[in-house]
Amino acid sequence: MEYSANIRRIAINTGGGDAPGLNAVIRAATLAAHANGWEVFGIRRGYMGLLNDDVDGEPGMMELCADKVRGITHLGGTILGTTTRGNLFGLEPRQPDGTWGPNDPSRAIIDRFRELEIDALIAIGGDGSLKIAHRLFLKGLRVVGVPKTIDNDLGATDMTFGFQTAVDVATEAIGRLHSTAEAHQRVMVAQVMGRHTGWIALESGLAGGADVILIPEIPYSVDRIVDKIMERDRARRRFSIIVVAEGASVAGGSPSFVGETGRYGGIADRLADEIAAATGKETRTLTLGHIQRGGSPVPYDRNLALRFGAAAVHAVERGNFGSMVALQGKSVRSVPLGDAVNDIKRVPVDGEVVRTARRLGVSFGD
Ligand code: F6P
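All figures in this text were calculated on a predicted structure; none of them were measured in a lab.

**Thoughts on the overall build of the chain**
Right, on to step 1. Of regular secondary structure, the chain possesses 11 helices and 13 strands.
Right, on to step 2. Taking the principal axes of the C-alpha coordinates as reference, the chain spans close to 70 × 50 × 35 Å.
Right, on to step 3. Taken across its 366 residues, the chain has 55% of its residues classed as buried.
Right, on to step 4. Considering only residue pairs separated by 6 or more positions, the chain has 72% of its internal contacts joining residues 24 or more positions apart.
Right, on to step 5. For the chain, the exposed surface amounts to about 15,700 Å²; the carbon and sulfur share of it is 49%.

In structure tokens form, the structure reads like this:
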């Protein structure tokens, strides 16, 4: 086979929050690259390992030989490590005036790729990391992106790996709340992740039999939630399960954040207080947090991740740089990276899944 891009050595990195399936992508991309006779290097913690010989006491770059990727398809996390810290690349270089602060290290990164004779990068990331990858591409780096996030909020791909695992974890938790809620005749408010989209809340809430699902795309009113709880009470269903996406907000209000961190948090407790005050019912909260991101990927995510990894290598073979692999319908294709990172995918409020939930009597608090 002829490779238009004339590749001998590639690198792989993982950036942003982890998602179950990262290791499966690394394994598939590495083995597919080896099958082409290429060498593969993993960069530790985003781009840190490229610019630092030592990252947390380990070499910044590691050669991904077959041994390194054996038996990792089912493992959560990422063998390369990742970072979401600070500025663009998680680095705080010293400025000319002696202070420490953000800088644009793209030139240094591209030079370092040249020095190490790395012909292309497979960048596995969410919208933040893929925006960085796109910037590097525009500056001359040969990049192929692979979309990951449990939030499923990246445009251009019907699904990101990690999402189904998060839905699985959340659904299991919501299911378990039913018996204890019923035993005590309580309202349970379960907060799930998803940033500014409600995909995890919608799919886990529907699968888990929630009575109320609150998502950022549909601002809620506490009165409507109370109506639903009292309607159930009158029907002798004296408990209710509410699933709230961390980024949901009351109509005319704004989402809840953890202090000044910019991280979503606190909506379940706020809502539970309001519901308890309005209904007089005992109300408890559960914030699922990072358990949705940890642990072994479900088979769907493993397979999607393996397909994405192999497809990314195929894109490198074809010299299709500045692209991202994506699931469209049943097929994995390549789409322009620039388009993909600019398009956040929100839950369609009149979509079929929302309509199905409404027909089943689920309230969206509107
Ligand atoms: O984007 C994935 C995600 O888990 C979001 O759902 C959540 O808001 C955020 O990351 C949490 O970030 P961190 O791990 O930095 O707390």
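Having seen it, we continue.
**Some points on the sheet that holds strand β10 (residues 240-245)**
Two pairing modes exist for strands in a sheet, parallel and antiparallel, and in both the strands are linked by backbone hydrogen bonds.
Right, on to step 1. With respect to topology, four strands assemble into an open sheet ordered β9-β10-β8-β11, the strand pairing being parallel. Two strands lie at the open edges of the sheet, namely β9 (212-214) and β11 (283-287), each paired on one side alone. On average, adjacent strands in this sheet sit at an angle of 15 degrees to one another, irrespective of strand direction.
Right, on to step 2. When strand β8 (residues 187-192) meets β10, the two strands line up parallel, connected through six bridges. If you follow Gln-191 over to β10, its bridge partner there is Val-244.
Right, on to step 3. Sheet strands in contact with helix α5 (residues 163-184) are β8, β10 and β11, and its direction is about 150 degrees off that of β10.
Right, on to step 4. The strands touched by helix α6 (residues 199-207) within the sheet are β8, β9 and β10, with β9 carrying the most contacts at an inclination of about 170 degrees.

**Describing the environment of Arg-237**
Right, on to step 1. On the secondary structure map, Arg-237 appears in the loop between α7 (222-234) and β10.
Right, on to step 2. With a relative accessible area of 39%, Arg-237 lands in the partly exposed category.
Right, on to step 3. For the pair Arg-237 and Ala-357, spaced 120 residues apart in the sequence, the C-alpha separation amounts to 18 Å.
Right, on to step 4. The contacts of Arg-237, once residues within four sequence positions are left out, are Glu-182 and Arg-232.

**Topic: the pattern of salt bridges**
Right, on to step 1. Taken as a whole, this structure holds 21 salt bridges when the rule is applied.
Right, on to step 2. A salt bridge links Glu-58 to Arg-44; its shortest N-O distance comes to 3.8 Å. Of the two residues, Glu-58 is situated in strand β4 (residues 58-59) and Arg-44 in the loop between β2 (39-43) and α2 (48-51); the sequence distance between them amounts to 14 residues.
Right, on to step 3. The class of Arg-44 is buried, set by a relative accessible area of 13%.
Right, on to step 4. We note a salt bridge from Asp-233 to Lys-281, for which the minimum N-O separation is 2.8 Å. Within this pair, whereas Asp-233 is found in helix α7, its partner Lys-281 is found in the loop between α8 (267-279) and β11, the two being separated by 48 residues in sequence. Lys-281 matches Asp-233 in its accessibility class, with the two residues each being buried.
Right, on to step 5. When salt bridges with common partners are traced through the structure, they connect Asp-127, Asp-151, Asp-153 and Arg-195 into a single cluster.

**Notes on the sheet that holds strand β6 (residues 120-125)**
Right, on to step 1. As summarised here, the arrangement of the seven strands in space is β5-β2-β1-β6-β7-β12-β13, forming an open sheet in which the pairing is mixed. Of all the strands in the sheet, just β5 (61-63) and β13 (331-336) have a single pairing partner and so form its edges. Shown here is a sheet whose adjacent strand axes are inclined to one another by a mean of 25 degrees, direction ignored.
Right, on to step 2. Note: β2 against β5, three bridges, orientation antiparallel. For Gly-42, the partnering residue across the bridge sits in β5 and is Met-62.

The rules behind the values
Residues numbered from 1 in each chain as written. Predicted model: local features only at pLDDT ≥ 70, side-chain atom pairs only at ≥ 80, totals over all residues. Heavy atoms only, no water. Helix = DSSP H or I, 4+ residues; strand = E, 2+ residues; numbered from the N terminus. Buried < 20%, exposed > 50% of the residue type's maximum accessible area, 1.4 Å probe, protein only. Contact = heavy atoms within 4.5 Å. Areas by Shrake-Rupley, 256 points an atom, 1.4 Å probe, with all protein chains shown as cover. Pairing = 2+ DSSP bridges. Axes fitted to C-alpha atoms, helices over the stretch in contact; angles between N-to-C directions. Salt bridge = Lys/Arg side-chain N within 4 Å of Asp/Glu carboxyl O.

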